[in-house]
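These are the residues of each chain, in order.
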Amino acid sequence: MLLEVSGLYKAFKGIQVLQDINFNVKKGEIVSLLGQSGAGKTTIIRCITGLEKPDKGSIAVNGRLMCEEKDGKMVYAARDELYDIRKQMGMVFQSYHLFPHMSVLKNVTLALTDVHKLRGDEAQKKAMDMLQSLGLADKALSHPYELSGGQKQRVAIARSCVTNPQLLCFDEPTAALDPQTTRDLTKIIRNLAAEGMGVLIISHDIPFVESVSDRVLTVENGKIRDED
């Protein structure tokens, strides 16, 4: 199993946000967490990607535990192990989080040179190949402010995919997209899954998740509703 989430709980200032969250994602599978704003789905994905620490439960990627509960306390993998596990995941944020002062090419190569320690020429070739596959080769020297919303999102996808993650997470991917760009995104996600990547999407866009997902899980009041 690529991703396993078991018994996840999270509270903020005494308010329970997540309650006994259990689900998994297989390699090559597209799973969506569907729910309204405030349902808890963003907190789930933030716990998985390490942006929040759960209070209880466990998260494992490819059988390797990121965290688990022992004797009433959350225990995390050793620093190097945790770093290695998290490198297997990519995240495409709703607001894209591109560096505005950097070109598209620099945005995509940054993780390759700074995190994966690739040589500049090797990183640039890999980044250009990824941009070419997403129809953005001609935008390599552009800056984010020169791009449309759909183009920015594809740059964010390129930046996440260029490091070959096994799991790619999307936060409200259609929030600022027109219908045609949403259809283009659906094709991109399906192609990624066809290549063996696991995809986890959080969204409130019912038509989109129904068109792209292998499984849709509904999040309500911090719980995953039983599948029909």
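Residues numbered from 1 in each chain as written. Predicted model: local features only at pLDDT ≥ 70, side-chain atom pairs only at ≥ 80, totals over all residues. Heavy atoms only, no water.

1. Digging into the overall build of the chain
Turning to step 1, where the next piece is worked out: Of the regular secondary structure elements, the chain holds seven helices and eleven strands.
Turning to step 2, where the next piece is worked out: A globule of 228 residues ought to have a C-alpha radius of gyration of about 17 Å, and the chain, at 18 Å, matches this closely.
Turning to step 3, where the next piece is worked out: With the C-alpha coordinates of the chain rotated into their principal frame, the extents come out at 50 × 40 × 35 Å.
Turning to step 4, where the next piece is worked out: Buried residues in the chain amount to 48% of all 228 residues.
Turning to step 5, where the next piece is worked out: Long-range contacts, defined here as pairs at least 24 residues apart, represent 66% of the contacts in the chain between residues at least 6 apart.
Turning to step 6, where the next piece is worked out: Only carbon and sulfur atoms are counted for the fraction: they give 47% of the accessible area of the chain, which is about 11,500 Å².
Turning to step 7, where the next piece is worked out: The average position of the 29 basic charges and that of the 29 acidic charges among the side chains of the chain differ by 4 Å. (Helix = DSSP H or I, 4+ residues; strand = E, 2+ residues; numbered from the N terminus. Rg over C-alpha atoms; globule rule 2.2 N^0.38 Å. Buried < 20%, exposed > 50% of the residue type's maximum accessible area, 1.4 Å probe, protein only. Contact = heavy atoms within 4.5 Å. Areas by Shrake-Rupley, 256 points an atom, 1.4 Å probe, with all protein chains shown as cover. Lys, Arg positive; Asp, Glu negative; His and termini not counted. Charge placed at Lys NZ, Arg CZ, Asp CG, Glu CD.)

2. A look at helix 6 (residues 179-194)
Turning to step 1, where the next piece is worked out: With 16 residues, helix 6 extends 23 Å from end C-alpha to end C-alpha; this agrees with the ideal 22 Å at 1.5 Å per step.
Turning to step 2, where the next piece is worked out: Where helix 6 is buried, its residues contact strand 3 (30-34), helix 5 (149-161), strand 8 (167-171), strand 9 (198-203) and helix 7 (206-212).
Turning to step 3, where the next piece is worked out: Between the side-chain oxygen at the start of helix 6 and the backbone nitrogen of Gln 180 there is a gap of 3.1 Å, and the oxygen is on Asp 178.
Turning to step 4, where the next piece is worked out: Positive phi appears at Gly 196, one or two residues downstream of helix 6, with a value of about 105°. (Expected span 1.5 Å × (residues − 1). Polar contact = N/O pair within 3.5 Å; in protein donor to acceptor, adjacent residues only side chain to side chain.)

3. Topic: the confidence of the model for the chain
Turning to step 1, where the next piece is worked out: Summing up the model confidence of the chain, the mean pLDDT is 92 and the portion of residues at 70 or higher is 99%.
Turning to step 2, where the next piece is worked out: The least confident element of the chain is helix 2 (residues 79-86), whose mean pLDDT is 91; the most confident is strand 3, at 97. (pLDDT = per-residue confidence, 0-100.)

4. Notes on the pairing of strand 6 (residues 73-76)
Across a regular strand the side chains alternate sides, sitting on one face of the sheet and then on the other.
Turning to step 1, where the next piece is worked out: Pairing between strand 5 (residues 64-70) and strand 6: four bridges, direction antiparallel. Bridge pairing links Glu 68 to Val 75 in strand 6.
Turning to step 2, where the next piece is worked out: Here strand 5 folds back onto strand 6, and the loop between the two strands holds two residues, one of which, Asp 71, carries a positive phi near 55°. (Pairing = 2+ DSSP bridges.)

5. Considering the packing of aromatic side chains
Turning to step 1, where the next piece is worked out: Taken as a whole and judged by the stated rule, the model has zero aromatic pairs.
Turning to step 2, where the next piece is worked out: For the cation-ring pair, Lys 53 lies above Tyr 76, with the distance from its terminal atom to the ring centre recorded as 5.5 Å.
Turning to step 3, where the next piece is worked out: Here the basic side chain of Lys 56 rests over the ring of Tyr 9, its NZ or CZ set 5.4 Å away from the ring centre. (Phe/Tyr/Trp six-rings, centres within 6.5 Å; stacked < 30°, edge-to-face > 60°. Lys NZ or Arg CZ within 6 Å of the ring centre and 35° of its normal.)

6. Digging into the environment of Ile 59
Turning to step 1, where the next piece is worked out: Along the chain, Ile 59 turns up in strand 4 (residues 56-61).
Turning to step 2, where the next piece is worked out: Once the C-alpha coordinates of Ile 59 and Ser 160 are considered, the two residues, 101 residues apart in sequence, prove to be 21 Å apart.
Turning to step 3, where the next piece is worked out: In contact with Ile 59, not counting residues within four places along its chain, are Leu 3, Glu 4, Leu 8, Cys 47, Ile 48, Pro 54, Arg 64, Leu 65, Met 66 and Cys 67.

7. Thoughts on the pairing of strand 10 (residues 215-220)
Turning to step 1, where the next piece is worked out: Across four bridges, the pairing between strand 3 and strand 10 is parallel. Bridge assignment links Ser 32 to a residue of strand 10, and that residue is Val 216.

8. Here's the deal with the sheet that holds strand 8
Turning to step 1, where the next piece is worked out: Taking strand neighbours across the sheet as the criterion, the six strands line up as 7-8-9-3-10-11 in an open arrangement whose pairing is mixed. The open sheet is flanked by strand 7 (89-92) and strand 11 (223-224), the only strands paired with a single partner.
Turning to step 2, where the next piece is worked out: Contacts from helix 1 (residues 41-48) reach strand 3, strand 7, strand 8, strand 9 and strand 10 within the one sheet, and its direction differs from that of strand 9 by about 145°. (Axes fitted to C-alpha atoms, helices over the stretch in contact; angles between N-to-C directions.)

9. Thoughts on the environment of Leu 131
Turning to step 1, where the next piece is worked out: Looking at the secondary structure, you find Leu 131 in helix 4 (residues 120-133).
Turning to step 2, where the next piece is worked out: As for Leu 131 and Arg 159, which are separated by 28 residues in sequence, their C-alpha atoms are 9.0 Å apart.
Turning to step 3, where the next piece is worked out: Apart from residues no more than four positions distant in its own chain, Leu 131 is found in contact with Val 104, Leu 105, Val 108, Leu 136, Ala 137, Ala 140 and Ala 158.

10. Concerning unusual backbone geometry
Turning to step 1, where the next piece is worked out: Although it is not a glycine, Asp 20 sits at a positive phi angle of roughly 55°.
Turning to step 2, where the next piece is worked out: Summarising the element assignment, Asp 20 is placed in strand 2 (residues 15-25).

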